[in-house]
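Listed below are the residues making up each chain.
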Amino acid sequence: VSWRGLAAGRASRRLVLVVVFVALLLDNMLLTVVVPIVPTFLYATEYEGANSSAAPAQTETAPPALKAPPFSSMFSYFDNTTVIVLVSTSAAELVNGTERSIPPQPPASIPPSPSSCPDGEEFLAKENTRVGLLFASKALVQLMVNPAVGLLTNRIGYHIPMFIGFVIMFLSTVMFAFSGTYTLLLLARALQGIGSSFSSVAGLGMLASVYLDDFERGNAMGIALGGLALGVLIGAPFGSVMYEFAGKSSPFLVLAFLALLDGALQLCTLQPSKVSPESTKGTPVLTLLQDPYILVAAGALCFSNMGVAMLEPTLPIWMMQTMCSPKWQLGMAFLPASVSYLIGTNLFGILANKIGRWLCSLIGMAVVGISLLCVPLAKTIYGLIVPNSGLGFAIGMVDSSMMPIMGYLVDLRHTSVYGNIYAIADVAFCMGFAIGPSTGGAIARAIGFPWLMVIIGVINIAYAPLCWYLRNPPAKEEKIAILSQECSMQTKSYTAQKTLHDFPLADDSDVEAE
């Protein structure tokens, strides 16, 4: 590659978009790739490990289920010794005075019958909480780091934070591949949160600073969020298939390799050594957080994503309990949601401008709620297709209309510096993914998975009407002059509002005087 080519590349907005797209893609693949892996991995290492330290072969091949006549003949290839060992462990399995069979899945050819379900109901219920915490740890860390990154990008520009994000992500991915205990997984997850925070805040801020036109920015954000969606999309199915057929560390090693490619791409297109502080001083985060319109937008992002966040730790475990699903299905359940999210973000990145972004997000939130209410009605994995695709499509609508609204609100009501506003958008996103899994796991354990879906579904439907307030947010006076030329959304100024309020008062006072 010639230097001239590199220089041209550095000036190109498309390449910036590609870099941000890939960074978000990797981040979210790593986010969801663990979804199907962790519950089964912990189950295999801890529950089965504890119950069968004597029979190490257990997790690999399906052992004879004790007291399960339908299968006893099929597993005749086990030699007696193994069977004797299994009988000896059955004493440890007297949970609540009932003998339990040992959990693994039977070969795929056998139709699932009750005894093919994983055993250890208690363990699975407890695991809800632990898996929830593991998933939430990333978002919790990200919440704490985000505001700092927002400030940092205002000071030194977007390029360095973006690269730092890549380095941390790479380390986290490698750590996932080789960690075998819950504690190490938790650490890797938290580390990922730091990396995520750097790359997503810097990435979205960089896009907003490169694409200045509102319409173009909407499209660019739509494409970048497509990367995020694609990550969420491929992550879970990719994870469950790779884990089933190639072992636990394989999906993470593939991701680590992709991360290296992204790092190389960044070195070519960005200038990770370049310090470019924003020319104007950005509006402080606290001021932005006092803006009710920004809070409504952030809330919509938070609650719509919380739905999926609650599904992630609880759905695979619920499927293990009720549908007796084999490993590869646990991740596949999320496939329809992700495909439709991809369609949703790309379609509404463009459409939202035409029919009004506020309307898009209002309809989106309502559909999210309805879809969540339908999830527990599914009896097989095929029953999950319709509610999950509705969910994905609707969240795509909300995300692709809210992200540009965030940028637009800052342009309209504050100074046009985007580090802080996208830190807030990311915080909203993370709040969903932090509160979702941690409370979701606990609630599912306490009152059951179906009620959990009812709660979050109703919250979404109830929140939807608030999006109406984003229809035409008022501008600050000095901004109106600048924006009136190019702006498509109608704005109304504060002065107009004040005078409107004054007239009725004046009339009333006349009436009183008479």
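For the protein chain, the name recorded in an unreviewed UniProt entry is Chromaffin granule amine transporter, with Nestor notabilis as its organism. Its UniProt record gives the protein chain a comment under Sequence similarities (unreviewed entry), which states: "Belongs to the major facilitator superfamily. Vesicular transporter family." Taken verbatim from the UniProt record of the protein chain, the Subcellular location (unreviewed entry) comment is "Cytoplasmic vesicle, Secretory vesicle, Synaptic vesicle membrane".

**Considering the overall build of the protein chain**
When you go through the protein chain residue by residue, the secondary structure sums to 19 helices and zero strands. At a minimum sequence separation of 6, the contacts of the protein chain that also span at least 24 residues come to 83%. For the protein chain, the computed accessible surface area is about 21300 Å², with 70% contributed by carbon and sulfur atoms.

**Points about the packing of helix H13 (residues 335-355) against helix H15 (residues 385-413)**
The geometry of H13 relative to H15 is characterised by a closest axis approach of 7 Å and an angle of 30° between their N-to-C directions. Here the hand of the crossing between H13 and H15 comes out right-handed. Here Pro336, Ala337, Ser340, Tyr341, Ile343, Gly344, Thr345, Leu347, Phe348, Gly349 and Ala352 of H13 lie close against H15, whose contacting residues are Ile385, Asn388, Ser389, Gly392, Phe393, Ile395, Gly396, Met397, Asp399, Ser400 and Ser401. Within the contact of H13 with H15, the residues separate by chemical class into eleven nonpolar, ten polar and one charged.

**A look at the pattern of salt bridges**
Within the structure shown, the criterion is met by four salt bridges. Across the salt bridge formed by Arg13 and Glu216, the nearest N and O atoms sit 3.1 Å from each other. Of this pair, Arg13 sits in helix H2 (residues 13-51) while Glu216 sits in helix H8 (residues 214-246), and the two are 203 residues apart along the sequence. Using a relative accessible area of 32% as the deciding quantity, one classes Glu216 as partly exposed. Note that Asp411 is salt-bridged to Arg217, the shortest N-O span being 3.1 Å. Of this pair, Asp411 sits in helix H15 while Arg217 sits in helix H8, placing them 194 residues apart in sequence. Neither residue differs from the other here; Asp411 and Arg217 are each classed as buried.

**Points about a nonpolar patch on the surface**
Residues Ile370, Leu373, Ile447, Trp451, Val454, Ile455, Val458, Ile459 and Ile461 make up a contiguous nonpolar surface patch of roughly 740 Å² in combined accessible area. The leading source of residues in the nonpolar patch is helix H17 (residues 449-463), at six residues. For Ile461, the position within the fold is in helix H17.

**A few points about the nonpolar core**
Among the nonpolar cores identified, the biggest contains 116 residues, and Leu311, Leu315, Met319, Met402, Met406, Tyr422 and Leu470 are the most heavily contacted of them. Looking at this core, the element that brings in the most residues is H2, giving 19 residues. With residues near it in sequence (within four places) discarded, Tyr422 still touches Val201, Leu204, Gly205, Ala208, Arg217, Met221, Met403, Met406 and Gly407.

**Regarding the confidence of the model for the protein chain**
Summary statistics for the protein chain give a mean pLDDT of 77 and a share of 76% for residues scoring 70 or more. The model gives residues 54-115 a pLDDT under 50, and that stretch makes 77 contacts with residues more than four places away or in other chains. Within the model, the stretch residues 490-514 combines pLDDT values under 50 with 20 contacts to residues more than four positions away or in other chains.

**Some points on the packing of H2 against helix H5 (residues 121-156)**
Direction vectors running N to C along H2 and H5 enclose 150°, while the axes themselves pass 10 Å from each other. Judged by the inter-axis angle, H2 sits roughly antiparallel to H5. In this structure, the crossing between H2 and H5 has a hand that is right-handed. Contacts between H2 and H5 involve Asp27, Leu31, Val34, Val35, Val38, Pro39, Leu42, Tyr43, Glu46 and Tyr47 from the first element and Phe123, Leu124, Glu127, Arg130, Val131, Leu134, Phe135 and Lys138 from the second. Looking at the contact of H2 with H5 residue by residue, the classes come out as 13 nonpolar, no polar and five charged.

**Things to note about the packing of aromatic side chains**
Within this structure, the stated rule accounts for eight aromatic pairs. Ring centres 5.9 Å apart and planes at 50° place the aromatic pair Tyr43 and Phe123 in the tilted group. Here Tyr43 is found in helix H2, whereas its partner Phe123 is found in helix H5, with 80 residues between them in sequence. Each of the two residues, Tyr43 as well as Phe123, counts as buried. Seen from their ring centres, Phe176 and Phe252 are 5.1 Å apart, and the 10° between their planes marks the pair as stacked. Within this pair, whereas Phe176 is found in helix H6 (residues 159-178), its partner Phe252 is found in helix H9 (residues 249-269), the two being separated by 76 residues in sequence. For the residue pair Phe176 and Phe252, the accessibility class agrees, reading buried in each case.

**Some thoughts on H2**
For H2, spanning 39 residues, the distance from its first C-alpha to its last is 57 Å, which sits close to the expected 57 Å at 1.5 Å a residue. At Ile37, H2 is deflected by roughly 40°, the largest bend along its length, and proline Pro39 occurs up to four residues later in sequence. Burial analysis of H2 places 29 of its 39 residues in the buried class, the great majority of the element. Between the side-chain oxygen at the start of H2 and the backbone nitrogen of Arg14 there is a gap of 3.2 Å, and the oxygen is on Ser12.

**Comments concerning the environment of Tyr382**
Along the chain, Tyr382 falls in the loop between helix H14 (357-374) and H15. By relative accessible area, Tyr382 is classed as exposed at 63%. Placed 49 residues apart in sequence, Tyr382 and Ala333 show a C-alpha to C-alpha distance of 8.4 Å.

The rules we used
Residues numbered from 1 in each chain as written. Predicted model: local features only at pLDDT ≥ 70, side-chain atom pairs only at ≥ 80, totals over all residues. Heavy atoms only, no water. UniProt positions renumbered as here; feature names shortened; annotations may be inferred. Helix = DSSP H or I, 4+ residues; strand = E, 2+ residues; numbered from the N terminus. Contact = heavy atoms within 4.5 Å. Areas by Shrake-Rupley, 256 points an atom, 1.4 Å probe, with all protein chains shown as cover. Axes fitted to C-alpha atoms, helices over the stretch in contact; angles between N-to-C directions. Left-handed = near helix turned anticlockwise from the far one by under 90°. Nonpolar A, V, L, I, M, F, W, Y, C, P; charged D, E, K, R; others polar. Salt bridge = Lys/Arg side-chain N within 4 Å of Asp/Glu carboxyl O. Buried < 20%, exposed > 50% of the residue type's maximum accessible area, 1.4 Å probe, protein only. Patch = residues over 30% accessible without salt bridge, like charges linked within 9 Å, V, L, I, M, F, W, Y side chains within 5 Å. Core = buried A, V, L, I, M, F, W, Y, C linked by side-chain atoms within 4.5 Å. pLDDT = per-residue confidence, 0-100. Parallel < 35°, antiparallel > 145°, perpendicular 65-115°, else oblique. Phe/Tyr/Trp six-rings, centres within 6.5 Å; stacked < 30°, edge-to-face > 60°. Expected span 1.5 Å × (residues − 1). Bend = angle between axes of the 7 residues up to and from the residue. Polar contact = N/O pair within 3.5 Å; in protein donor to acceptor, adjacent residues only side chain to side chain.

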